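Listed below are the residues making up each chain.
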Amino acid sequence: MEAKVSEILQRYEPEQSSIIAILQDIQEAYGYLPREILAQVAEELNIPLSRVLSLATFFRAFSLKPKGKHPIHVCMGTACHVRGAQLVLEKFERELGIKTGETSEDLSFSLDAVRCVGCCGLAPVVMAGEEVHGKVSQMKVPGIIKKYKK
Ligand code: FES
């Protein structure tokens, strides 16, 4: 077992009720939930792998696929939606050549739609990693991508 996983497992009681906290720590450590790691956790906690997988897919915060080095989150909250966030999201899909929820093949970008990120005055809002881009139009999308594509 990888040292990182056993270190995470040691933080919690080896019981089924610890599973969500463990999954959160794994997601944070790896950026997603690698399947082979989930299998180890299932064995360690004596839970069927199918149960662990269903929890991992149930919660939106978890991802079973690796995320890109630059995660792009397009806000689809009401304020952003009425100001054209859908068009911005579709422009990102076309420019990156991936669908919402996917990661580019070279793992440089992933694209997700999210709920209100809390700065509606800047709508439509796009988060690139921790960086906030406000008043984003379709025309601004290539420039945002270019900024991170190095
Ligand atoms: S709705 Fe997009 S920031 Fe609030």
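What counts, and where the lines are drawn
- For every chain, the first residue of the written sequence is number 1, and numbering continues from 1 along that sequence.
- Only residues with pLDDT of at least 70 get local features here, since the model is predicted, and only at 80 or more are side-chain atom pairs given and counted; chain-wide, interface and lining totals rely on the full set of residues.
- Hydrogens and water molecules were not included; the side-chain quantities draw on all heavy atoms of the structure.
- By definition, two strands form a pair when at least two bridges between them are found by DSSP.
- Strands are runs of DSSP state E lasting at least 2 residues, helices are runs of H or I lasting at least 4, and numbering of each runs from the N terminus.
- Each axis is a line fitted through C-alpha atoms, taken for helices only over the stretch in contact, and angles between the N-to-C directions span 0 to 180 degrees.
- Whether two residues are in contact is decided by their heavy atoms: any pair within 4.5 Å suffices.
- If an angle is under 35 degrees, it is roughly parallel; if it is over 145, roughly antiparallel; if it lies from 65 to 115, roughly perpendicular; otherwise it is oblique.
- In this scheme, a crossing is called left-handed if the near helix is turned counterclockwise away from the far one by less than a right angle; it is called right-handed if the turn is clockwise.
- Every case where a carboxyl oxygen of Asp or Glu lies within 4 Å of a side-chain nitrogen of Lys or Arg is listed as a salt bridge.
- Here's how the labels work: a residue is buried when its accessible area is under 20% of the maximum for its type, exposed when over 50%, partly exposed in between, all with a 1.4 Å probe on protein chains only.

Novice: What's the story with the sheet that holds strand β2 (residues 109-114) in this structure? I'm lost.
Specialist: Think of a sheet as strands paired side by side through backbone hydrogen bonds, with each pair either parallel or antiparallel. Reading across from one edge, β2-β1-β3-β4 is the order of the four strands in this open sheet, with mixed pairing throughout. Unpaired on one side and paired on the other, β2 and β4 (131-133) mark the two borders of the sheet. The average angle at which neighbouring strand axes cross in this sheet is 20°, direction not considered. One ladder, built from three bridges, connects strand β1 (residues 70-75) with strand β3 (residues 126-128); its direction is antiparallel. Paired with V74 across the strands is V126, a residue of β3. Helix-sheet contacts for helix α6 (residues 85-96) involve β1, β2 and β3, and the interaxial angle to β1 is about 155°. The strands touched by helix α7 (residues 141-148) are β1, β2, β3 and β4; relative to β4, the strand with the most contacts, the crossing angle is about 160°.

Novice: Hey, could you run me through the packing of α6 against α7 in this one?
Specialist: The packing of two helices is summarised by the inter-axis angle and the distance between the axes. One way to put it is that α6 packs onto α7 with a least axis distance of 9 Å and a crossing angle of 50°. Relative to α7, α6 is oriented oblique. When you trace α6 past α7, the crossing you get is right-handed. Between α6 and α7, the residues in contact are V88, K91, F92, E95 and L96 and V141, P142, I144 and I145, respectively.

Novice: I keep staring at the pattern of salt bridges and nothing clicks. Help me out?
Specialist: Close approach of charged atoms lets side chains of opposite charge pair. Across all of its chains, the model carries five salt bridges by this definition. Measuring nitrogen to oxygen at the nearest pair gives 2.9 Å for the salt bridge that ties E7 to R11. Take E7: its relative accessible area is 40%, and that puts it in the partly exposed class. The partly exposed category is assigned to R11, whose relative accessible area is 44%. Here E95 ties to K91 by a salt bridge, and the two come within 3.2 Å at their closest N and O atoms. On the criterion of helical spacing, the pair formed by E95 and K91 is a turn pair, its members being four residues apart in helix α6. We classify E95 as partly exposed; its relative accessible area is 36%. A cluster of three or more residues bridged by salt bridges with shared partners is formed by E7, R11 and D25.

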